[in-house]
Amino acid sequence: MSEAYWWWISSAIYFVGAGWAALTIPRPWYAVRVATSAGLILQACLSLAEVPLTPFPPGMPGPVTMVALLVGFLGWIIGRYSAQYLVGEPGQGRYAIALLTTLGAVNAVVVSADLGLLIASWVLSSFGLHHLLTFYADRPPAIVVAHKKFLASRLAEACLVAGAVLVYGEWGTLSLTSIAEHAQSLTSANARVTAAGVLLALGAILKSAQLPLHGWLIQVMEAPTPVSALLHAGIVNLGGFVMIRLAPLMNQIPAAQTLLVLAGSLTAVLAGLVMMTRISIKVRLAWSTCSQMGFMLMECGLGLYDLALLHLIAHSLYKAYAFLTAGEAVTEARQRALRAIDAATRDRGVARRVLSLPFAYGVALGSAWGWEHLLHTTPVPPIAPVLISAGLATLFWESGPSPVQLILRNALLVLALTQLYLTWHLVARSFLGPVLPVNVSMLLSVWVGLCFIGLYALQGILVSTPGSRLAQALYPWVYGGFYLDERFTRLTFRLWPAKLRSQKQKLTSSFTTMTFKGEEA
Amino acid sequence: MNAIAQRSEDRVAAEIDAACRSIAPNWPLDRQIAMSPYWGRVSEPFKRALLRLNRQTGAAAAMPASYYAKAWESGTIQARHLSRAVQESGLSFSPDACVDALGSTSSDDTSLPLLSDCADAERDLRHEPAWREAITQQVSQHCAAYFDEDQADWHLRPRAGLYASWREALCHDHSIALLMHAPGVRLGARELPLDATQCIRWALNVLSIPPESLKELLQVVLLRINGWAAWCAYLRWEAELAGAADDHIVELLAIRLAWECLLDDGRRDGSSRWGNWRRQWSSRITKEVGAHLPITLLWQRAHEIAYQDHLFSQLTRESAKAPSSVGVTSPARAHVVFCIDVRSERFRRALEVVDSEIDTYGFAGFFGLPIQYTPIGTRASRPQLPGLLAPTLHVTDTTGSKDLDRRLRGRRLKQLSANRSLQPFQRLPSAAFMLVESLGLAYVGKLLRASFRRQAPNVESEGLGGRGVEQLRPDLVLPDSTTVAQRVDLATSILRAMSLTSGFARLLALVGHGSLSANNPHAAGLDCGACGGQTGAINARVLARIFNDPFVRQGLSQRGIVIPDTTVAIAALHNTTMDEVQVFDVADIPATHREDLERLRQSLRSAGTRTRAERATSLGLDAQRNDHSALRRSIARRARDWAQTRPEWGLVDNAAFIVAPRERTRGMDLQGRSFLHDYRWQDDTDGRVLDLIMTAPMIVAHWINMQYYASTVAPCYFGSGNKILHNVVGGRIGVFEGNSGDLRIGLPKQSVHDGWRWMHTPLRLSVVIAAPRVMIERVLQAHSPVRELLDHEWLYLYRWEGAGIERYLRGQWQPWAESSSPQSVAAA
């Protein structure tokens, strides 16, 4: 029992670090470096020692261990980065305190064994993040965005609290272990449990910036780059994490799963399309996150919690890297220019692009069959080959001076990446413990399959014939983000406006980021 | 009647053109070179132009009063400098009055309003977004979609021009109408004329702009979208260099002006939006620009005088000590030619100290080669020359053997296309999920590697392989018939321009420069501006090859320039972040010169150590000043650090441009603030070299100087803002500060400010030339724009006269006496 508390020590380290940083202003970075390093070391030791989290059923600590280690790692990388990046900025102390507080709260969400505590920690992390997002409080856009996030978060928390209350009303407990036990012994969910599940799913959806309340995630570029990295890699995915933690419950509530699949798949596809049109690097990355979070929630809804866990961790690492190196955008553009070929010699490749999908599907299906029957691994979900092929088929889209060689090379690549995918799938599976029965309607799988084949086909049309009538007609809508965020922004302005300064002050205040004060006293 | 209408039509056309020409171009990030943002306004005197800009935009003309107050307290600006500045402006008050006036400056916003500002004044901005930002946002996003080629995977395919596509988009827009709750905008857009110029005329009519306000209004409107206007000005600049035309900027003007009409409710009574705007506009425009000079501009001049006093006493006191027998002491063993860049000054000084047998030269870092470079096997051409010029020659890589070239090219094409075939997988949405789930975990390694980076990746050599890189040399692509003749022509003119036509040393090293930084969108701005924001490596290597060509040497000797067989030209690159010099193509250097090379390299290393020690304080590495290896390690770490926003200080603190033989300045500590161009007027019989220097390098130095000036005094307007918020647009077009807003131009604040103080001292350039009056005057007569630049005090021109210095001012030469105490000035 007592070992479980070890995991809370990390949060304690971050909180103590925040206090220490507050005392050492204007040089808070030593505290940040020490706290994030200590946090990482502790997480790594605990993971290696596989400290049993006794309140959980055996096997369940897997996601907790992995995600806690992830938070420790990201905290350490982002802390180091920020310490150098923010040199000379006013308000570094404020930043350091908020960073460490947020990290402590996120860690608490991850290690909580109790739904109430989990929600409370989540609220705290949201407030910590709010301070980071408003680091440049004199930038009106920063305030508007933070305010939108504030509203979306409170709405999400209301859903979560309501869900928790219903759960407590049903089973008289908020312990995640007990909830799992109760849920697993359920034959079919009653109305109260169903409502609870739907509310909890809704909370996760709102916290994960799904359409149409995604605007705050897209516009947080008003905060320093490492804050974007932290948000996109370490915070926005908590929705998925909580769904994984609540898997035994969610798995029993088809309505909640349907909600997750619909919201997730639509966001994955639509936000992905919007991403294709973005003209600035950070905003592109933000839409990408939005879409990836949709994909992760969709996986949760389909009962593929192992894939969702893999996605959560891998996406965090990928996105943290992408944000922290956003300054390389120019180098990357130069790199692409070096590789560019004459547009005239470029073939349309329609046949190749069409045929590569069934080919990749065949490879994925064959591999899955091979793993299952020759290596006797757990079965691969039937939707997986569809998702694999919609992704890997793009490797055949470009041609070059020796096309056959290129196709062969990339066919091997497809084969290799498929095996890699299946390997990670098994690894994640092994972390997750006993396999939950997948009781998702076949219809949802079909819907998802159609969504991604449709996305593949549509992006093919857009890339092959950008001048086509379809591409032209869609472009304004997609470039405008389907005009979803404007509605929400307008609504927030009307119902509960952000406290902006008056126009006169505002005009001059956009200049104040440029007046250089020394470090706050 | 018709004639009158015609005249007003012409006048409008002229004013549209004038407004568009008042915007200076801003180069894209991958070829960023410095440009004065005031360049379109040099036909007005410096002070008046900056005050006009202040009235049009609110951008400051000089530093805030507190800045000068601090310089006063620290003794940098003294009473004598102030009295001189007062005297120059033809005023008569005491330095004490200047100090008092500094304490009571007011900063009322008197910038000229637009109709849309009055629309904002009517809005409840607590409950509604402001039009000012919303318009900027809408125009900026449309421009980005229109001009982007390198970021998005799915582009706007405009069937029409910038204006027409904007109009079309607005007719079907749901975004701004929804956000601003202004459904009328969509309807209004349908009423707009179809053509940009028509739209401008129509809008001027609708808003009934009186002719006397026309000029100001068009400029104010265009400045509201200054960043994209500067981008359009760049497109026009490039088009005109290539002999074509580009009117995007006119369309941008039409777009921004159309917005004013879209917000016009059509009412014209006194209390209407239009009436309010007209009232405010007239009350502010009636005041003559520059009628009241802000006291800070006087202090600015005093600050410049203080610097000039110091510089000139240095130049006259110490040059008197210099040996009169110019350059004939002992023949140097190596001639090392650097770029005129201010960063070279430190390094040259150090190099001359560690090895007295080395002579250094200063010359524009593109070494006079008007080239465009295309790496072998690619289509990625880029200019390698100053922005003033259009490339006339083409350079690509070659091994010298056509067969080998073909093989290398083929291999590279294959490798590049293999890498290209991964791009859809890395970028398309359906693939992104798979990318994450199959390869995402590998990003642990990438994050660790980036955090502890050992070496910056070299993008340039992708697909070549180590052997290929070793075998390839950049070389001119010339038709066989002209190849030698053209090379000889080039070599002759370049050597003459370098003032290096005899007395060749055993080594002639051509040292270009480049910087090293990671994760830095503005990296090209730290490279060689004379090479179009690239490193000078290609130019140096091409020129060394030309100089070593025996046929070229033969041709040169026929023209009286004899390069002895014992002279070998080598190419090198000065890494300005690390202060290390890399020598290229060492394998080509004959064995006879290996020893000379080794000795030169040794000296270059020692010079680097000295230079780094000198820079340590400004890099915040004072503690390691005396520990050479620790300092080198720290600087190297800094150069590779992905979170470092200040890898080096670039051309910070530049203030002077000295055109003279090196003997005039050798041994002087010019603190890395001077561009140094070698010039020997005695050899320049027809004055062509001086003509070139005053019309090209001097102008480029002025651009750099003004870019730093503007980014320091008006950072929110002419600087690109905070690097911490930078968000690259279109892969290379520029940056947004944060999420969106206008495109930002100029230098980031981290390039001129270290977080505690300004690293750049904004001073106008002081040019000092060692040449007779008549030669200088001849250049000024031939080039009225240069004369105008001087007459309008955008920079200062001085020359040595005997043991003293004299200033050129509007056709007169005035001797410079060191500023004396105010009493004696008053007495005089």
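Chemist: Describe the confidence of the model for chain B, with residues and values.
Modeler: Residue and element names in this part refer to chain B. Summing up the model confidence of chain B, the mean pLDDT is 90 and the portion of residues at 70 or higher is 96%. Of the regions scoring below 50 in pLDDT, residues 322–328 engages in four contacts with residues more than four places distant in sequence or in other chains. Note that pLDDT drops below 50 for residues 823–828; the model gives that stretch three contacts with residues more than four away or on any other chain.

Chemist: I'd love a proper account of the interface of chain A and chain B, names of residues and values included.
Modeler: With 124 residues of chain A in contact, the opposing surface of chain B contributes 114 residues. Summed over both sides, the interface of chain A with chain B buries roughly 10700 Å², with 63% coming from carbon and sulfur. Three residues stand out in chain A for area buried against chain B, namely Ile279, Leu338 and Arg339 of chain A, and they jointly supply 8% of the buried area on that side. Inspection of the region where chain A meets chain B yields five salt bridges. Counting across the chain A and chain B interface gives 40 residue pairs in polar contact (both at pLDDT 80 or more). The element that contributes the greatest number of residues to the side of chain A that touches chain B is helix H15 (residues 305–324) of chain A, accounting for 11 residues. Taken together, the residues that form the side of chain A that touches chain B break down as 72 nonpolar, 28 polar and 24 charged.

Chemist: Explain the sheet that holds strand S15 (residues 796–801) of chain B to me, and be specific about the residues and the numbers.
Modeler: Residue and element names in this part refer to chain B. The strand order across the open sheet built from six strands is S11-S10-S14-S15-S16-S17, with neighbouring strands paired in mixed fashion. Strands at the two margins of the open sheet, each flanked by one partner only, are strand S11 (674–677) and strand S17 (812–816). Between one strand axis and the next, the sheet turns through 25° on average, direction left out of account. Where strand S16 (residues 804–809) and S17 come together, five bridges link them in antiparallel fashion.

Chemist: Hey, could you go over helix H13 (residues 254–277) of chain A for me, with residue numbers and the actual values?
Modeler: With 24 residues, H13 of chain A extends 35 Å from end C-alpha to end C-alpha; this agrees with the ideal 34 Å at 1.5 Å per step. Most of H13 of chain A is tucked away: 17 of the 24 residues are buried.

Chemist: How would you summarise helix H7 (residues 176–184) of chain A if you had to cite specific residues and measurements?
Modeler: Considered for burial, the residues of H7 of chain A that qualify are Leu176, Thr177, Ser178, Ile179, Ala180 and Ala183 of chain A. Summarising the contacts, the buried residues of H7 of chain A are in contact with helix H5 (115–133), helix H6 (140–171), helix H11 (238–245) and helix H12 (247–250) of chain A.

Chemist: I'd like a description of the nonpolar core, backed by residues and values.
Modeler: Membership of the largest hydrophobic core comes to 378 residues, with the highest contact counts inside it found for Phe452 of chain A together with Trp131, Trp228 and Trp259 of chain B. At 15 residues, the largest contribution of residues to this core is made by H15 of chain A. Contacts of Trp228 of chain B, omitting those with residues within four sequence positions, involve Ser140, Cys143, Ala144, Phe147, Leu252, Val729, Ile733, Phe736, Asp742 and Leu743 of chain B. In this structure, Tyr361, Leu369, Leu478 and Val552 of chain B belong to the second largest nonpolar core, which totals 38 residues.

Chemist: Tell me about the pattern of salt bridges, and name the residues and values.
Modeler: Two side chains bearing opposite charge may form a pair once their charged atoms approach each other closely. Throughout the structure, instances matching the rule amount to 71 salt bridges over all chains. Two residues, Arg339 of chain A and Glu462 of chain B, come together in a salt bridge whose shortest N-O distance is 2.6 Å. In this pair, Arg339 of chain A sits in helix H16 (residues 329–339) while Glu462 of chain B sits in the loop between helix H21 (443–451) and helix H22 (465–471), so the two residues belong to two different chains. Given the relative accessible area of 12%, Arg339 of chain A is considered buried. Between Arg599 of chain B and Glu357 of chain B there is a salt bridge whose closest N-O contact spans 3.1 Å. A residue pair is termed long-range when its members are at least 10 positions apart, and Arg599 of chain B in helix H26 (residues 594–615) and Glu357 of chain B in the loop between helix H17 (342–354) and strand S2 (358–363) qualify at 242 residues. Look at Glu357 of chain B and you get partly exposed, because its relative accessible area is 30%. What you see here is one network of salt bridges that share partners, running through Glu88, Arg301, Glu304, Arg764, Glu793 and Arg807 of chain B.

Chemist: Which residues make up the pairing of S15 of chain B, and what are the values?
Modeler: Residue and element names in this part refer to chain B. Of all six residues in S15, five are buried, a share of seventy percent or more. Bridge count between strand S14 (residues 766–769) and S15: four bridges; the pairing is parallel. Across the sheet, the residue bridging to Ile769 is Arg799, located in S15. Here five bridges tie S15 to S16, and the two strands are oriented antiparallel to one another. Across the sheet, the residue bridging to Leu797 is Tyr808, located in S16. Hairpin connection between S15 and S16: a loop of two residues separates the two successive antiparallel strands, and Gly802 in this loop has a positive phi of roughly 60°.

Scoring rules and cut-offs
Counting restarts for each chain, with residues numbered from 1 along the sequence as it is written. Whichever chain is written first becomes A and whichever ligand is written first becomes 1, with later ones labelled in order. For this predicted model, a pLDDT threshold of at least 70 governs which residues receive local features, and a threshold of 80 or more governs which side-chain atom pairs are given and counted, while totals over whole chains, interfaces and linings are taken from all residues. Side-chain numbers here rest on the full set of heavy atoms in the structure, without hydrogens or water. The predictor attaches a confidence to each residue, and that confidence, scored 0 to 100, is pLDDT. The contact rule is simple, with two residues in contact once any of their heavy atoms fall within 4.5 Å. Buried surface area refers to the total accessible area, computed with a probe of radius 1.4 Å, that the two partners give up upon joining, counted for both partners together. Salt bridges are defined as contacts in which a side-chain nitrogen from Lys or Arg sits within 4 Å of a carboxyl oxygen from Asp or Glu. Any N or O atom pair separated by 3.5 Å or less is treated as a polar contact, with the protein-specific requirement of one donor-capable and one acceptor-capable atom, and with residues adjacent in sequence counted only for side-chain atom pairs. Put simply, DSSP H or I for four residues or longer makes a helix, DSSP E for two residues or longer makes a strand, and each gets a number counted from the N terminus. The residue classification treats Ala, Val, Leu, Ile, Met, Phe, Trp, Tyr, Cys and Pro as nonpolar and Asp, Glu, Lys and Arg as charged. All others, Gly included, are polar. By definition, two strands form a pair when at least two bridges between them are found by DSSP. Where helices are involved, their axes are fitted lines through C-alpha atoms of the stretch in contact, as for all axes, and angles between N-to-C directions lie from 0 to 180°. Any helix carries an expected span of 1.5 Å times its number of residues minus one. Burial classes follow relative accessibility: with a 1.4 Å probe on protein chains only, a residue under 20% of its type's maximum area counts as buried, one over 50% as exposed, and anything between as partly exposed. Each nonpolar core is a collection of buried residues, namely Ala, Val, Leu, Ile, Met, Phe, Trp, Tyr and Cys, held together in the definition by side-chain atoms within 4.5 Å.

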